[in-house]
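Given next are the chains, with one letter for each unit.
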Amino acid sequence: MECEWKPDEQGLQQILQLLKESQSPDTSTQRSVQQRLEQLNQYPDFNNYLIFVLTKLKSEDEPTRSLSGLILKNNVKAHYQNFPNGVSDFIKSECLQNIGDSSPLIRATVGILITTIASKGELQNWPELLPKLCLLLDSEDYNTCEGAFGALQKICEDSAEILDSDMLDRPLNIMIPKFLQFFKHSSPKIRSHAIACVNQFIISRTQALMLHIDPFIENLFALATDEEPEVRKNVCRALVMLLEVRLDRLLPHMHNIIEYMLQRTQDQDENVALEACEFWLTLAEQPVCKEVLCGHLSQLTPVLVNGMKYSEIDIILLKGDIEEDEAIPDNEQDIRPRFHRSRTVAQQHEGDGIEDDEDEDDELDDDDDTISDWNLRKCSAAALDVLANVFRDDLLLHILPLLKELLFHPEWVVKESGILVLGAIAEGCMQGMIPYLPELIPHLVQCLSDKKALVRSITCWTLSRYAHWVVSQPPDTYLKPLMTELLKRILDSNKRVQEAACSAFATLEEEACTELVPYLAFILDTLVFAFSKYQHKNLLILYDAIGTLADSVGHHLNKPEYIQMLMPPLIQKWNQLKDEDKDLFPLLECLSSVATALQSGFLPYCEPVYQRCVNLVQKTLAQAMLHQSQPDQYEAPDKDFMIVALDLLSGLAEGLGGTIEQLVARSNILTLMYQCMQDKMPEVRQSSFALLGDLTKACFQHVKPCIADFMPILGTNLNPELISVCNNATWAIGEISIQMGPEMQPYIAMVLHQLVEIINRPNTPKTLLENTAITIGRLGYVCPQEVAPMLQQFIRPWCTSLRNIRDNEEKDSAFRGICTMISVNPGGVVQDFIFFCDAVASWVNPKEDLRDMFGKILHGFKNQVGEDNWRRFSDQFPMPLKERLASFYGV
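Described below are features of the structure shown in this document. Not measured: the values here are computed from a predicted model.

Parameters at a glance
Residues numbered from 1 in each chain as written. Predicted model: local features only at pLDDT ≥ 70, side-chain atom pairs only at ≥ 80, totals over all residues. Heavy atoms only, no water. Salt bridge = Lys/Arg side-chain N within 4 Å of Asp/Glu carboxyl O. Buried < 20%, exposed > 50% of the residue type's maximum accessible area, 1.4 Å probe, protein only. Helix = DSSP H or I, 4+ residues; strand = E, 2+ residues; numbered from the N terminus. Contact = heavy atoms within 4.5 Å. Axes fitted to C-alpha atoms, helices over the stretch in contact; angles between N-to-C directions. Left-handed = near helix turned anticlockwise from the far one by under 90°. Nonpolar A, V, L, I, M, F, W, Y, C, P; charged D, E, K, R; others polar. Polar contact = N/O pair within 3.5 Å; in protein donor to acceptor, adjacent residues only side chain to side chain. Phe/Tyr/Trp six-rings, centres within 6.5 Å; stacked < 30°, edge-to-face > 60°. Lys NZ or Arg CZ within 6 Å of the ring centre and 35° of its normal. Parallel < 35°, antiparallel > 145°, perpendicular 65-115°, else oblique. Arc of directions from axis to C-beta.

### Structural notes on the pattern of salt bridges
Here comes step 1: Tallied over the entire structure, the rule returns 45 salt bridges.
Here comes step 2: We note a salt bridge from Arg-489 to Asp-492, for which the minimum N-O separation is 2.8 Å. For the pair Arg-489 and Asp-492, a shared accessibility class is recorded, and that class is buried.
Here comes step 3: Note that Arg-666 is salt-bridged to Glu-607, the shortest N-O span being 3.1 Å. Taken together, the residues Arg-666 in the loop between helix H35 (661–665) and helix H36 (669–676) and Glu-607 in helix H33 (residues 603–629) connect sequence positions 59 residues apart.
Here comes step 4: Take Glu-607: its relative accessible area is 40%, and that puts it in the partly exposed class.
Here comes step 5: Salt bridges linked by common partners bring Arg-456, Glu-485, Lys-488, Arg-489 and Asp-492 together as one network.

### Focus on the environment of Leu-588
Here comes step 1: You can see Leu-588 is positioned in helix H32 (residues 584–598).
Here comes step 2: For the pair formed by Leu-588 and Val-609, sequence separation is 21 residues and the distance between their alpha carbons is 9.2 Å.
Here comes step 3: Not counting residues within four places of it along the chain, the set of residues in contact with Leu-588 comprises Trp-574, Cys-613, Leu-616, Val-644, Ala-645 and Leu-648.

### Quick word on the side chain of Thr-282
Here comes step 1: Along the polypeptide, Thr-282 turns up in helix H16 (residues 270–284).
Here comes step 2: Those residues in contact with Thr-282 that sit more than four places away from it in its chain are Val-240, Leu-243 and Glu-244.

### Focus: the packing of helix H24 (residues 437–447) against helix H25 (residues 453–465)
Here comes step 1: H25 packs onto H24 with a crossing angle of 145° between their chain directions and a minimal axis gap of 9 Å. Crossing geometry of H24 relative to H25 is assigned as left-handed. Residues Ile-441, Leu-444, Val-445 and Cys-447 of H24 form the contact with H25, whose own contacting residues are Val-455, Arg-456, Thr-459, Thr-462 and Leu-463.
Here comes step 2: Class assignment of the residues belonging to the contact of H24 with H25 gives a composition of six nonpolar, two polar and one charged.

### Focus on the environment of Arg-666
Here comes step 1: For Arg-666, a relative accessible area of 56% translates into the label exposed.
Here comes step 2: Sequence spacing of Arg-666 and Gln-611 is 55 residues, and the spatial spacing of their C-alpha atoms is 9.9 Å.
Here comes step 3: At a separation of 3.1 Å, a polar atom in the side chain of Arg-666 contacts the side chain of Glu-607.

### Comments concerning the side chain of Arg-232
Here comes step 1: You can see Arg-232 is positioned in helix H13 (residues 229–245).
Here comes step 2: Of the residues examined, Arg-232 reaches a relative accessible area of 11% and is grouped as buried.
Here comes step 3: From its side chain, Arg-232 meets the backbone oxygen of Asp-226 in a polar contact 2.9 Å long.

### Overview of unusual backbone geometry
Here comes step 1: Even without glycine at this site, Arg-392 takes up a positive phi of about 50°.
Here comes step 2: Within the secondary structure layout, Arg-392 lies in the loop between helix H20 (376–391) and helix H21 (396–407).
Here comes step 3: Even without being a glycine, Cys-513 presents a positive backbone phi close to 45°.
Here comes step 4: The residue Cys-513 is located in the loop between helix H28 (495–512) and helix H29 (520–533) in this model.
Here comes step 5: For Cys-513, a relative accessible area of 29% gives the class partly exposed.

### A few points about the packing of aromatic side chains
Here comes step 1: Enumeration according to the criterion identifies 24 aromatic pairs in this entry.
Here comes step 2: Relative to Phe-815, the ring of Trp-798 has its centre 4.9 Å away and its plane inclined at 65°; by these criteria the two rings are edge-to-face. Of this pair, Trp-798 sits in helix H43 (residues 791–802) while Phe-815 sits in helix H44 (residues 809–824), and the two are 17 residues apart along the sequence.
Here comes step 3: Ring centres of Phe-854 and Tyr-889 lie 6.2 Å apart, and the angle between their planes is 80°; this geometry places the pair in the edge-to-face category. Of the two residues, Phe-854 sits in helix H46 (residues 848–865) while Tyr-889 sits in helix H48 (residues 879–889), which places them 35 residues apart along the sequence.
Here comes step 4: Among the aromatic side chains, those forming a connected cluster through ring pairs are Trp-798, Phe-815, Phe-833, Phe-836, Trp-843, Phe-854, Phe-861, Trp-870, Phe-873, Phe-877, Phe-888 and Tyr-889.
Here comes step 5: The lysine or arginine in question, Arg-377, covers the ring of Tyr-310, its NZ or CZ lying 3.7 Å from the ring centre.
Here comes step 6: Above the face of the Trp-574 ring, Arg-612 is positioned so that its terminal group lies 4.8 Å from the ring centre.

### Observations concerning the packing of H32 against helix H34 (residues 640–656)
Here comes step 1: Interaxial distance between H32 and H34 falls to 8 Å at its minimum, and their mutual angle equals 10°. One finds that H32 runs roughly parallel with respect to H34. Of H34, the residues touching H32 (which contributes Leu-584, Phe-585, Leu-588, Glu-589, Leu-591, Ser-592, Ala-595 and Thr-596) are Asp-640, Phe-641, Val-644, Ala-645, Asp-647, Leu-648, Gly-651, Leu-652, Glu-654 and Gly-655.
Here comes step 2: Residues that form the contact of H32 with H34 fall into these classes: ten nonpolar, four polar and four charged.

### Comments concerning the environment of Gly-432
Here comes step 1: With respect to the helices and strands, Gly-432 occurs in helix H23 (residues 430–433).
Here comes step 2: Among the residues examined, Gly-432 registers a relative accessible area of 15% and is labelled buried.
Here comes step 3: The spatial distance from the C-alpha of Gly-432 to the C-alpha of Ala-381 is 19 Å, given a sequence separation of 51 residues.
Here comes step 4: With residues near it in sequence (within four places) discarded, Gly-432 still touches Asp-393 and Leu-396.

### With respect to H48
An α-helical segment advances 3.6 residues per turn. Residues three or four places apart therefore align on the same side.
Here comes step 1: Within H48, the full set of buried residues consists of Leu-881, Leu-885 and Tyr-889. Down the axis of H48, the buried set is contained in an arc of 30°. They therefore lie on one face. Among the exposed residues of H48, those oriented more than 90 degrees off its buried face are Pro-880 and Ser-887.
Here comes step 2: For H48, the secondary structure elements touched by its buried residues are helix H45 (833–841) and H46.
Here comes step 3: Taken from the residues just after H48, Gly-890 is the one with a positive phi, measuring 60°.

This is the structure:
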């Protein structure tokens, strides 16, 4: 080996000086340190100095040495491929020699450095690393063993995939049995490392572990009551993962495991309790849950309920003793990024608004966002929620006796947890709860004015979970008192209560829809007043409440006095926000709903809003082009700006219809859409197809010249793997065909086969099936000769997917198409005629001429087969179908 590298004394002093300065709290010092570090990276042996300080300079204090190692780690991350060979060899050998440093901080730093080098593709180029670390595990010296294990644990976390691949000659076959030996080690720290290493390989069902699964499980059981919390936590974590991947191996021991997890969920150490509590969440997803857990419900229920109380730490962190904070500005770090849900076009169904399967956004994390996001309280509540869905009303036997005590408890913390319990079981135990609601709802409405803010905020959430029932009762009984109190809470002097009330009110709006119309003036008064009162974070939630209100009451909002109240504050915010401000997202979403509801009432505000949306799309596309051509020079844009802008343009087109025509004529929106429709990001394409459909309906004269360019793109996006993209492309094709008429003919071949394939796919989501059926029907309506030959391949799923949609224009044109195709190819429907009869009967009142078309086909078929055959055929019909066809069509 070449002679040992030695630092230059002056250089060393300079670097130590720098390391000292970088620990200074002053930002300008920090900045100059950053610049000097950048400059030093030009010198090839700078990294030698850093490793020297970490491993050799024992005279320095530990924080400085550790910092030197962390700076080196960042350099490895950024430029390892440029290190000269001599330097990287020196670093590697120093790391392996010092993994057993007497200081835990230095050992950990060396371990981090090792795993960083390893994950730079260096596990292959550092063949002696794993054998050496495994050898060091057998060292008599505790520090060496612990340091090597710490490094191995980090490598297992960072490089699990490579460790289990052929690239390295399968080292896990040796490592896993080796780790298992250490489960019985005398040091708790080492036992904990050993389990943590093996745990990395459970979820991926790594072969080397599956071969030793039984000894692994036995060893876990042996450590079940270890005195070290970290070991108990890792045991719980292992059992939770095994529940997902090797339930078969746990089943014989299930009774004991459940008893054990019950104890651990009450562990003195909150981290252990939290890991254990995950067990119930995971178990609830397994089909065996009901049978293995039913005997333990009476023990488990009180444990979960008890875990739902705020801990003393929570209350301190939540500033639970500060009641009024509305005047304190928000800390910008606390504001979570919001995710925009792009537009998806869906059909209306009988007896409801739009079905929204994705809308599960009221789960249990609405109540206390700001504490460390996941804690025992939330986990217990989530577990109770999923178990309520598994056991339904059987759970109530165990919950109700507890609830009585909790809900009326004098201590607020206990009462608060009872209200959370009531909300958590709302979905699963709804049926069984109904008899108690007439008494409980008024009690909860009273709790809305409790003197503790944390009680008021959880009560908002729990009431929102029962909104569906409240709305099903006569409005004066519960809806009106609830709404009155909830609106007061929207103006609460506590920010957390404002937030909870706004979210709860949005849920109530979705459930109540037009029931709210009589109270609109009163509601708008409150929401507009909140504008002047709210700090930053809650403003974003307020936009959502206003948008949901517009969605819920629709055109009832279009009254001059309401517009006068609502639009000025919205437009004022709109003018204040800069184009790069993320607060535009919720505001644009809100305006999109408002524009759709107000329709002509939005006209005075339309032009500036339209212009700005087009600009946002243009800016984002331009930025994306720059980034693509010079990625080092230009950052990638945040495409959400473009997505939200496209969605608002859709809202304008839908709300304003033909009046948007002049705006489209004066802008380059179609050129921009052509680019958006080919964007790599699915959500951008999804929103651009929605806009294409809306502009097709609103002002087809501007879209028509582009159809030859657009149709091939639509054809390539009929990929059902991307449900929403496919759904919106399908819908747009249908809208285009209605406008094109027979001129659609050259494009049929580009899309028909994919559409027929989608409608026959198993497990296709309902919305996509319905839109596909409507589009196939519309294509057949305008080009029956092209589509009718395929009738037999789609008629059956076509009929079953459209029988549940409301009568509307889309359904009308689709059924006209089917009738036209049947007249072209009657043979295509014969085998599935009963499905056609059923679909026809789903119409409540079809237009006169469509009804005649139906009648013609039904009578034609009856005459074709003759009386006797028809009677035999119609005897298979369920009674309602028989009666309906007889009374409507006389067959």
